[in-house]
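Here are the chains, one letter per residue:
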Amino acid sequence: MPFIIIEAFALALYLQSEILEARNLFFGGFVLLILGSTTVIYNIDQWSLAKQSAIHFSIMLGTLFPILLLSGWYPVTSLQDVLQVFAIFVASGLVIWTIMFILAKFFKW
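Definitions and limits used
- Residues numbered from 1 in each chain as written.
- Predicted model: local features only at pLDDT ≥ 70, side-chain atom pairs only at ≥ 80, totals over all residues.
- Heavy atoms only, no water.
- Patch = residues over 30% accessible without salt bridge, like charges linked within 9 Å, V, L, I, M, F, W, Y side chains within 5 Å.
- Areas by Shrake-Rupley, 256 points an atom, 1.4 Å probe, with all protein chains shown as cover.
- Salt bridge = Lys/Arg side-chain N within 4 Å of Asp/Glu carboxyl O.
- Helix = DSSP H or I, 4+ residues; strand = E, 2+ residues; numbered from the N terminus.
- Axes fitted to C-alpha atoms, helices over the stretch in contact; angles between N-to-C directions.
- Parallel < 35°, antiparallel > 145°, perpendicular 65-115°, else oblique.
- Left-handed = near helix turned anticlockwise from the far one by under 90°.
- Contact = heavy atoms within 4.5 Å.
- Nonpolar A, V, L, I, M, F, W, Y, C, P; charged D, E, K, R; others polar.
- 1 Å grid on protein atoms, 1.4 Å probe; cavity = no way out; pocket = protein on both sides within 12 Å on 5 of 7 lines; lining within 4 Å.
- Points joined across faces, edges and corners; volume = space filled by probe spheres on them.
- Phe/Tyr/Trp six-rings, centres within 6.5 Å; stacked < 30°, edge-to-face > 60°.
- Buried < 20%, exposed > 50% of the residue type's maximum accessible area, 1.4 Å probe, protein only.
- Core = buried A, V, L, I, M, F, W, Y, C linked by side-chain atoms within 4.5 Å.
- Expected span 1.5 Å × (residues − 1).

A. Main features of a nonpolar patch on the surface. Together, Val 95, Ile 96, Ile 99, Met 100, Phe 106, Phe 107 and Trp 109 make up a nonpolar patch on the protein surface, roughly 820 Å² of accessible area in all. Turning to its location among the elements, Ile 96 is positioned in helix 4 (residues 79–107).

B. How the structure looks around the packing of helix 3 (residues 49–70) against helix 4. Interaxial distance between helix 3 and helix 4 falls to 11 Å at its minimum, and their mutual angle equals 140°. Judged by the inter-axis angle, helix 3 sits oblique to helix 4. Of the two elements, helix 3 crosses helix 4, and the hand of that crossing is right-handed. On helix 4, the residues touching Leu 49, Ser 53, Phe 57, Met 60, Leu 61, Leu 64, Phe 65, Leu 68 and Leu 69 of helix 3 are Val 82, Val 85, Phe 86, Phe 89, Val 90, Trp 97 and Phe 101. Here the residues of the contact of helix 3 with helix 4 are counted per class, giving 15 nonpolar, 1 polar and no charged.

C. Representation of the layout of surface pockets. Taken as a whole, the largest pocket spans an internal volume of roughly 1,100 Å³. In terms of lining, the largest pocket is formed by 30 residues, of which the most central are Tyr 42, His 56, Ile 96, Trp 97 and Met 100. Elements with a minimum of two residues in the lining of the largest pocket: helix 2 (19–38), helix 3 and helix 4. The biggest single contributor to the lining of the largest pocket is helix 4, with 12 residues. Residue classes in the lining of the largest pocket are distributed as 20 nonpolar, 7 polar and 3 charged.

D. The packing of aromatic side chains, seen in detail. Taken as a whole, this structure holds 10 aromatic pairs when the rule is applied. For the pair Phe 26 and Phe 27, a centre-to-centre distance of 5.4 Å together with 80° between the ring planes defines the contact as edge-to-face. For Phe 26, a relative accessible area of 37% gives the class partly exposed. Judged by its relative accessible area of 13%, Phe 27 falls in the buried class. Through successive ring pairs, a cluster of aromatic residues spans Phe 3, Phe 26, Phe 27, Phe 30 and Trp 73.

E. Spatial organisation of the nonpolar core. Of all hydrophobic cores here, the largest spans 10 residues; its members are Phe 27, Val 31, Ile 34, Met 60, Leu 64, Phe 65, Ile 67, Leu 68, Val 85 and Phe 89. Only helix 2, helix 3 and helix 4 provide two or more residues apiece to this core. Per element, the largest residue contribution to this core is 5 residues, and it comes from helix 3.

F. Main features of helix 2. A rise of 1.5 Å per residue sets the reference length of helix 2, with its 20 residues, at 28 Å; its end C-alpha atoms lie 29 Å apart and thus fit the reference within 8%. The complete set of buried residues in helix 2 reads Ala 22, Phe 27, Gly 28, Gly 29, Val 31, Ile 34 and Thr 38. If you follow the buried residues of helix 2, they end up packed against helix 1 (2–15) and helix 3.

Now the structure itself:
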């Protein structure tokens, strides 16, 4: 439901000719939807952490990475630009994964 509300706000902004804000909210809503939806992967106890992480990364690579390229948040005019966005994507993912791993161990999630 929050996703629909976010996208409705994006549409409202678009209709008010706030194109940049509408686009950012539109893509941001999809990012939040994907991130929230894929966290359930880590609740599948039959899978190892390596398998959970690999599947989560694959889904992020197939969904979130293209959103980053299409959103306009990064300049993408060459292959080098795409590779830089990919490096940011991987580095950010590793940092977040490491922080969440440490927190999960500390709080026994």
